[in-house]
Amino acid sequence: MNIEADGHGRSKRDAKHTAALNLIKRVRIDNPDIENIRPVEHVQIPPIDMIVTLRDYCVQRQHPLPVFEIVQQGGPPDAPEFIAMCSVASIRRYGVSDKKKDAKQIAAAKIFEIIFDGTPTNEGEMQVSPIDTKIDDIESERYQKFKTYRELTESGIDDPPGVLLCDRHNYFTKFHDCLKKAAKEVLNSDLYGEDRENQVKDLLHALKITPRSKKVPSEKSVEPLIQIELDCEYDVFFANFAGLVYKDILEYFQDMLD
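Owing to the predicted nature of the structure, the values given are computational and were not obtained by experimental measurement. Per chain, residues are indexed from 1 in the order of the written sequence. In keeping with the model being predicted, local features are shown solely for residues with a pLDDT of at least 70 and side-chain atom pairs are shown and tallied solely at 80 or more, while totals for entire chains, interfaces and linings include all residues. Calculated side-chain values reflect all of the structure's heavy atoms, with hydrogen atoms and water omitted.

Draft legend 1. Quick look at the sheet that holds strand 6 (residues 236–241). What makes two strands pair is DSSP finding at least two bridges between them. The secondary structure listing takes helices from DSSP runs of H or I that are at least 4 residues long and strands from runs of E that are at least 2 residues long, numbered from the N terminus. Read from one edge to the other, the open sheet built from three strands follows the order 4-5-6, with strand pairing classed as antiparallel. Strands at the two margins of the open sheet, each flanked by one partner only, are strand 4 (210–216) and strand 6. Averaged over all adjacent pairs, the angle separating strand axes in this sheet is 20°, with direction ignored. Bridge count between strand 5 (residues 225–231) and strand 6: six bridges; the pairing is antiparallel. By the bridge assignment, L225 is partnered in strand 6 with F241. Residue contacts are counted whenever heavy atoms from the two residues lie within 4.5 Å of one another. In this description, a line fitted to the C-alpha atoms serves as the axis of each element, helices being fitted only across the stretch in contact, and the angle between N-to-C directions of two axes falls anywhere from 0 to 180 degrees. Across the sheet, helix 9 (residues 242–256) is in contact with strand 5 and strand 6; its angle to strand 6 comes to roughly 145°.

What follows is the structure, given as structure tokens:
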């Protein structure tokens, strides 16, 4: 069936509508058995903010965030028509309305009907966090990482800050054999019993390492914390209660001298 019809109007939109009406008249004349032609479906504006609902749902289910775009607009000033497209990954749906925001709402509702898996979700759970806030947090984190990297590369430092554990281990294993032998004798001695403080002092003396220690108040206990810093090529720092800090040092050197 090849039928054509013309239409005239004050605008392109009016001319198209007139042409469509003329075409319908010709179809009815040529096909009298056609009783009704299905009218254009009127899509109701969703009663809730479907854009926010869709975005929150995508965050909850770790889907890509929806993207909205006005792909077409037309009509006279007193009767504009906007077509919005909403896409989530490769899924696209469209909404038509006389307002941009309503067109986006309709498109968002159509997408939500497709991707909603039927799992009940509490309203409080859906509103995990505002999308704009989440995006701002991500962008801020990215900026801080970039800023840190830029400052590092422009500082002229060849190696990044921080020391690998294997480097510390290699440092202590390269101590002179006589120092390591004397230190291991202290570590393996049964003469100290529970007197770990003197055992640590003798251990560090055997390794020719000078410790610097001080007491600092603890926020969670009346017993003060003991801070011990070792004066060697790699910074080594211990902090714990008196009954534990010396045990930590002994265990540390058991690993480092093996």
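Draft legend 2. Representation of the packing of helix 7 (residues 177–187) against helix 8 (residues 196–206) within the structure. Running from N to C, helix 7 and helix 8 cross one another at 170°; their axes reach a closest spacing of 8 Å. The angle between the axes of helix 7 and helix 8 places the two elements in the roughly antiparallel class. Facing helix 7, whose interface residues are L179, A182, A183, V186 and L187, helix 8 presents Q199, D202, L203 and A206. Grouping the constituent residues of the contact of helix 7 with helix 8 by class yields seven nonpolar, one polar and one charged. Angle categories: roughly parallel below 35 degrees, roughly antiparallel above 145, roughly perpendicular from 65 to 115, and oblique for all the rest. Here the nonpolar group is Ala, Val, Leu, Ile, Met, Phe, Trp, Tyr, Cys and Pro; Asp, Glu, Lys and Arg are the charged ones; every other residue, Gly included, is treated as polar.

Draft legend 3. Molecular detail of the packing of aromatic side chains. Centres within 6.5 Å make a pair out of two Phe, Tyr or Trp rings, where for Trp the six-membered ring is used; the pair is then stacked when the planes are under 30 degrees apart, edge-to-face when over 60, and tilted otherwise. Applying the stated rule across the entire model yields ten aromatic pairs. The interplanar angle of 80° and the centroid separation of 5.3 Å between the aromatic rings of Y57 and F112 together place this pair among those described as edge-to-face. Taken together, the positions of Y57 in helix 2 (residues 50–60) and F112 in helix 3 (residues 100–115) put the pair 55 residues apart, joining distant regions of the chain. Its relative accessible area of 0% is what places Y57 among the buried residues. Note on F172 and F175: the rings are 5.6 Å apart at their centroids and 50° apart in plane angle, and the pair reads as tilted. Take F172 and F175: they sit in the same class, and that class is buried. A 1.4 Å probe rolled over the protein chains alone gives each residue an accessible area, and that area as a share of the maximum for its type sets the label: buried under 20%, exposed over 50%, partly exposed in between.

Draft legend 4. A look at the sheet that holds strand 2 (residues 81–88). Pairing is antiparallel in the open sheet, where three strands are placed in the order 1-2-3. Two strands close off the open sheet at either side, each with one partner strand: strand 1 (67–74) and strand 3 (91–97). The average undirected angle you get between the axes of adjacent strands in this sheet is 20°. Of the pairings in the sheet, the one linking strand 2 to strand 3 comprises seven bridges and is antiparallel in character. Bridging from a neighbouring strand, S87 pairs with R92 of strand 3. In the packing of helix 3 onto the sheet, the strands contacted are strand 1, strand 2 and strand 3, and the crossing angle to strand 3 comes to about 145°.

Draft legend 5. Summary view of the packing of helix 2 against helix 3. The N-to-C vectors of helix 2 and helix 3 enclose an angle of 35°; their axes lie 8 Å apart at closest approach. For the element pair helix 2 and helix 3, the recorded crossing hand is left-handed. Along the contact surface, helix 2 presents M50, I51, T53, L54, Y57 and C58, while helix 3 presents K104, Q105, A108, A109, I111, F112 and I115. For the contact of helix 2 with helix 3, the class distribution of residues is ten nonpolar, two polar and one charged. Two helices crossing with the near one rotated counterclockwise from the far one by less than a right angle form a left-handed crossing, whereas a clockwise rotation gives a right-handed crossing.

Draft legend 6. Fine view of the side chain of K180. Its location among the elements puts K180 in helix 7. According to the relative accessible area criterion, K180 is buried, its value standing at 17%. Non-local contacts of K180, meaning those with residues more than four positions away in its chain, are made with F172, T173, F175 and L257.

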